[in-house]
Amino acid sequence: MLLKVEHLTKKINQKVIVDDINLKIYQGQLIAFLGPNGAGKSTTINMLTGIIKSTTGIVDLQGLKPNDTEYHQKIGVVFQNSVLDQELTVKQNLLSRQRMYKKKSNSLNYWIDKFHLEKICNQKYKYLSGGQKRRVDIARALIHQPQILFLDEPTTGLDIQTRNLIWKILNDLRKDTKLTIVLTTHYLEEAEYADFVYVINHGKIISANTVDNLKKDFAQNILNVTTDDVQGVLKFLVDISYKIQENQIIIPIDEINAIVLLNKIKNNISGFEYRQGNMDDIFVNITGEKVE
Amino acid sequence: MNGLLLRNLRLFFSSKTRVFFSLLGALISFVLYLIFLRKMMIQTWNSFNGTVKLLDLWLMGGTLAVTAIITTGSALSMMVEDRENSRLADLILTDQSYTKIHLAYLFSAWLIGLIMQIAMYIVMQSYFMLADGLELDGTIILPVFLIMVFSSLIWSIFNMVLLSFVKNVNTVGHINTILGTASGFFAGVYIPIGNLPNFAKDLMKITPVPYNAALFRKVMVNDQLTKVFNGVPQKMVANFKQKMGLIISGNSTNDMKILLLSLIILSVLGIILYRSNKNMVVSKI
């Protein structure tokens with residue numbers, strides 16, 4: 001096990017921000033903390049990285065505690081906001097941060113190459129676009145070759161190309177170096193890449209499972225049929241749960257049964273849509289709340 | 001720590017506006033002097049030859065003290081910027097300890113203060129050379145340099161103490177504005193200390209500012225003072241020194257002692273405060 005967290009709790013002025021969180025994270029995993037704004041995700045990450053002290057609880061990274069200096073060598077952090085120096089160029093920024101680590105790692109050029117930063121290398125950080133900044137931020141977090149990368153809402157506000165590029169690089173890194181990634185997100189599609197998802201709400205883990213299991217338990221596939229003959233269709237829906245919305249019938253059902261059913265009702269319907277259950281369904285079903 | 005130091009220096013000098021505005025308080029005292037303060041002062045001491053050069057040197061001394069105060073303050077505003085936008089948290093996550101990060105801020109402020117004093121000295125000396133024919137006195141360069149080193153250190157520590165718990169850039173802006181204005185008065189650059197009412201004098205004397213200015217002035221005007229007051233009764237010279245703030249607490253040795261004491265008190269305070277402010281300035285909640 002790479003990172004073990006037990007009973008992690010943060011109280012501020014008697015208010016519980018993070019409530020008794022337990023985590024087991026293994027090398028090479030991609031872990032997602034999913035939850036709405038203000039759920040306590042960032043506070044949890046900040047405690048895991050050692051930026052804020054926990055009120056109670058244990059964080060253990062192969063025997064190291066967050067306030068050990070060696071702990072810093074093993075983790076990389078991408079903050080929600082950009083934390084690099086606006087007035088320095090990309091290269092100066094990366095170089096200055098690299099110098100602050102004792103252990104020397106891959107050359108700067110390796111990261112510049114990996115994150116496609118050649119063209120913007122000598123531009124001041126403040127003149128970069130949001131996506132460019134984010135790429136530099138992640139390069140900075142990896143510059144000392146950490147074992148775990150913490151990403152606090154890494155792709156909020158980025159366009160889809162940048163998001164894909166970032167994920168391609170991160171996935172490559174996971175394959176090549178067994179990099180462990182812990183990310184917080186309120187983008188459900190981002191959590192779908194994860195090996196394991198912790199759903200956090202009001203500072204508590206309300207569900208912890210693999211994406212597949214979560215889907216099985218909380219997000220069934222949905223068949224949505226459109227019909228002018230609602231009663232005609234309902235005759236075939238014996239022992240099957242459904243919901244009616246005007247001329248639409250929403251039926252949670254797996255693929256095989258959907259085909260069988262569709263065959264039976266094909267003359268009664270004017271159209272249908274079949275979609276995979278997604279993280280939105282999971283979140284809504286677990287919390288009873290909607291994610292924005 | 002070299003990486004941090006280099007970063008801080010680079011950040012400061014990469015922004016021209018930052019460099020310019022850090023010097024603004026000092027430039028104002030210089031310009032005010034040129035526009036009208038000089039004329040008023042010359043009228044007071046006009047019965048002597050060479051008063052102009054004497055006052056030029058006197059002004060340079062006070063302005064250098066002001067420069068040390070405000071440029072170190074403005075250098076340390078970077079520290080607060082780092083706190084405000086979690087850059088400090090990012091720095092702490094490297095292998096550098098909080099102590100080293102703190103010392104890097106201090107050293108960079110010290111160096112910046114020194115460099116800016118040298119720059120200000122060159123500007124003023126060049127101007128007065130051209131305007132008033134003030135020659136460069138080679139013998140004072142080393143002592144003045146040493147005072148610059150000392151002044152920059154004491155004011156770096158002072159500003160560090162002042163900004164111990166500040167984590168908002170706006171607040172630093174206000175503090176530096178007040179500091180910039182006040183330092184000119186406290187150094188006795190706008191109005192010589194001798195012309196002030198007693199209460200104001202006493203108020204000035206409980207800060208290290210006038211002693212610092214006195215140290216600069218004493219060394220800088222020394223030669224010119226002997227020239228101007230050649231053959232003039234000792235009492236009158238002493239009067240000049242008192243009025244113009246060349247001596248603050250009776251004699252120069254005392255002035256020096258007070259400055260050293262201030263340095264010690266500020267250092268102790270700095271150490272105590274830095275140990276207690278970590279959680280507050282890093283934490284984002």
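Okay, so let's go over this structure. Everything numeric here is computed off the predicted structure, so don't read it as measured data.

### Examining the overall build of chain A
- Counting its secondary structure elements, chain A contains eleven helices and 13 strands.
- With the C-alpha coordinates aligned to their principal axes, the bounding extent of chain A is approximately 75 × 45 × 35 Å.
- Across the 292 residues that make up chain A, the buried fraction comes to 51%.
- Sequence-distant contacts in chain A: of pairs separated by 6 or more residues, those separated by 24 or more amount to 68%.
- Of the accessible surface of chain A, which amounts to about 13,800 Å², a share of 47% is contributed by carbon and sulfur atoms.

### Description of the sheet that holds strand E11 (residues 243–245) of chain A
All names here are of chain A.
- In space, the four strands of this open sheet follow the order E11-E12-E10-E13, with antiparallel pairing throughout. The two strands at the open ends of the sheet, each matched to only one other strand, are E11 and strand E13 (271–275). On average, each strand axis in the sheet is inclined to that of its neighbour by 20°, with strand direction left out of account.
- As paired strands, E11 and strand E12 (residues 248–252) are joined by three bridges and run antiparallel to one another. Bridge pairing in E12 places Lys-243 opposite Ile-250.
- Of the strands in this sheet, strand E10 (222–226), E12 and E13 are in contact with helix H10 (residues 255–265), which crosses E10 at around 15°.

### Let's talk about the environment of Asp132(B)
Residue and element names in this part refer to chain B.
- Checked against the element boundaries, Asp-132 lands in helix H5 (residues 98–132).
- Sequence separation between Asp-132 and Asp-56 is 76 residues, and the spatial gap between their C-alpha atoms is 8.6 Å.
- Of note is the side chain of Asp-132, whose polar atom sits 2.6 Å from the side chain of Arg-38.

### Quick word on helix H1 (residues 41–49) of chain A
- Among the nine residues that make up H1(A), eight are buried, leaving the element largely enclosed by the rest of the structure.
- Directly after H1(A), the chain includes Gly50(A), whose backbone phi takes a positive value near 90°.

### Looking at unusual backbone geometry
Residue and element names in this part refer to chain A.
- Positioned with a positive phi, Gln-145 is a non-glycine residue whose angle comes to about 50°.
- For Gln-145, the position within the fold is in the loop between helix H5 (130–142) and strand E6 (148–152).
- Overall, Gln-145 belongs to the partly exposed group, its relative accessible area being 34%.
- Positive phi is not limited to glycine here, since His-202 has a value of about 50°.
- Tracing the sequence through the fold places His-202 in the loop between strand E8 (196–201) and strand E9 (204–209).

Criteria and thresholds
- Residues numbered from 1 in each chain as written.
- Chains lettered and ligands numbered in written order.
- Predicted model: local features only at pLDDT ≥ 70, side-chain atom pairs only at ≥ 80, totals over all residues.
- Heavy atoms only, no water.
- Helix = DSSP H or I, 4+ residues; strand = E, 2+ residues; numbered from the N terminus.
- Buried < 20%, exposed > 50% of the residue type's maximum accessible area, 1.4 Å probe, protein only.
- Contact = heavy atoms within 4.5 Å.
- Areas by Shrake-Rupley, 256 points an atom, 1.4 Å probe, with all protein chains shown as cover.
- Pairing = 2+ DSSP bridges.
- Axes fitted to C-alpha atoms, helices over the stretch in contact; angles between N-to-C directions.
- Polar contact = N/O pair within 3.5 Å; in protein donor to acceptor, adjacent residues only side chain to side chain.

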